[in-house]
Amino acid sequence: MGAVGNIYKNLTTRLQRIKGNKIMANQTYSRVYKNTHSRKIKKFQRALRKVPDEIKKELAESLQESGNVIYKEMSSRITSDPKLKAALKFKLNRSKNVMSVGYSNNIRGFKKEWKQAGWRAHFREVGTAPHIIKPKNKSRRLKFQTKNKRWVTARQVNHPGHVAQPFFDISIIMTEDKVKSNMRDVLIDIKRYIKQET
């Protein structure tokens, strides 16, 4: 019961901090950082096993609706990079009790999109400082295509950096109230049912 109560109290759709290669928003809990993420979600999933199927179905529908809201908001904010927009992914897990929106190379079903363009999401969200790009291959040369489709080789490239163009965090903040209202009723039902059982 404590896990569901904590999830209900903390239901805000905040961004799970961008750590390493992972940008994800997980909807059924909030402000959960890497060290507590798996424990809280496992407690919640154990509690959900006792809940009747109609409440589980209601949760899945609420998560689907909330995910669509967040997905559409994020997608509308990525205007200058069509590949990054195409790589944006929304998915419910098999049990339909955890919703993921974003980019990741750790979640099944997200890896293809990560390789295509998702790895750039972090750089777009937080920006980069000017830096030097050096080759990692044996030939010690970089080979890349310019904007006018010409192939160029170089020993190193002085990258000017990127100004941050946030789309992820702002989308979570902008959709927070709508998602809270979608999730509130189903989480109250879950909490009430688990309270009756104990």
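Computed from a predicted structure; not experimentally measured. (Residues numbered from 1 in each chain as written. Predicted model: local features only at pLDDT ≥ 70, side-chain atom pairs only at ≥ 80, totals over all residues. Heavy atoms only, no water.)

Engineer: Any chance you could explain the packing of helix α3 (residues 53-77) against helix α7 (residues 168-197) here in plain terms?
Structural biologist: For any two helices packed against each other, one specifies the inter-axial angle together with the distance between the axes. With their axes 9 Å apart at the nearest point, α3 and α7 run at an angle of 175° to one another. With respect to each other, α3 and α7 are oriented roughly antiparallel. A class-by-class count of the residues in the contact of α3 with α7 yields 15 nonpolar, five polar and seven charged. (Axes fitted to C-alpha atoms, helices over the stretch in contact; angles between N-to-C directions. Helix = DSSP H or I, 4+ residues; strand = E, 2+ residues; numbered from the N terminus. Parallel < 35°, antiparallel > 145°, perpendicular 65-115°, else oblique. Nonpolar A, V, L, I, M, F, W, Y, C, P; charged D, E, K, R; others polar.)

Engineer: Teacher, can you tell me more about the nonpolar core here?
Structural biologist: A general trend in soluble globular proteins is that nonpolar side chains are found buried together. Core analysis: the biggest nonpolar cluster contains 31 residues, and Leu59, Tyr103 and Ile190 have the highest contact counts within it. Counting residues per element, the ones that place at least two in this core are α2 (34-49), α3, α4 (82-87), β2 (89-92), β3 (99-103) and α7. A total of nine residues in this core trace back to one element, the largest contributor, which is α7. (Core = buried A, V, L, I, M, F, W, Y, C linked by side-chain atoms within 4.5 Å. Buried < 20%, exposed > 50% of the residue type's maximum accessible area, 1.4 Å probe, protein only.)

Engineer: I keep staring at α3 and nothing clicks. Help me out?
Structural biologist: Two residues of an α-helix separated by three or four positions point the same way, owing to the 3.6 residues in each turn. Along its 25 residues, α3 runs 36 Å from first to last C-alpha, staying within 8% of the 36 Å computed at 1.5 Å per residue. All of the buried residues along α3 are Ile55, Leu59, Ala60, Ser62, Leu63, Ser66, Gly67, Ile70, Met74 and Ser75. (Expected span 1.5 Å × (residues − 1).)

Engineer: For this particular structure, what's the right way to read the packing of aromatic side chains?
Structural biologist: Note on aromatic pairs: each is described by the distance of the centres and the angle between the planes. Considering all chains together, one arrives at three aromatic pairs under this definition. Between the aromatic rings of Tyr103 and Phe167, the centroid separation amounts to 6.2 Å while the plane-to-plane angle is 80°, which identifies the pairing as edge-to-face. Highlighted residues: Tyr103 in strand β3 and Phe167 in the loop between β7 (157-159) and α7, separated in sequence by 64 residues. For the pair shown, Tyr103 and Phe167 are each scored as buried. Arranged with centres 6.3 Å apart and planes meeting at 90°, the rings of Phe167 and Phe168 form a pair that is edge-to-face. In this structure an aromatic cluster arises from ring pairing among Tyr103, Phe167 and Phe168. Stacked on the ring of Trp119, the Lys or Arg Arg120 has its end atom at 5.9 Å from the ring centre. Positioned over the ring face of Trp151 is Lys143, at 5.6 Å from the centre of the ring. (Phe/Tyr/Trp six-rings, centres within 6.5 Å; stacked < 30°, edge-to-face > 60°. Lys NZ or Arg CZ within 6 Å of the ring centre and 35° of its normal.)

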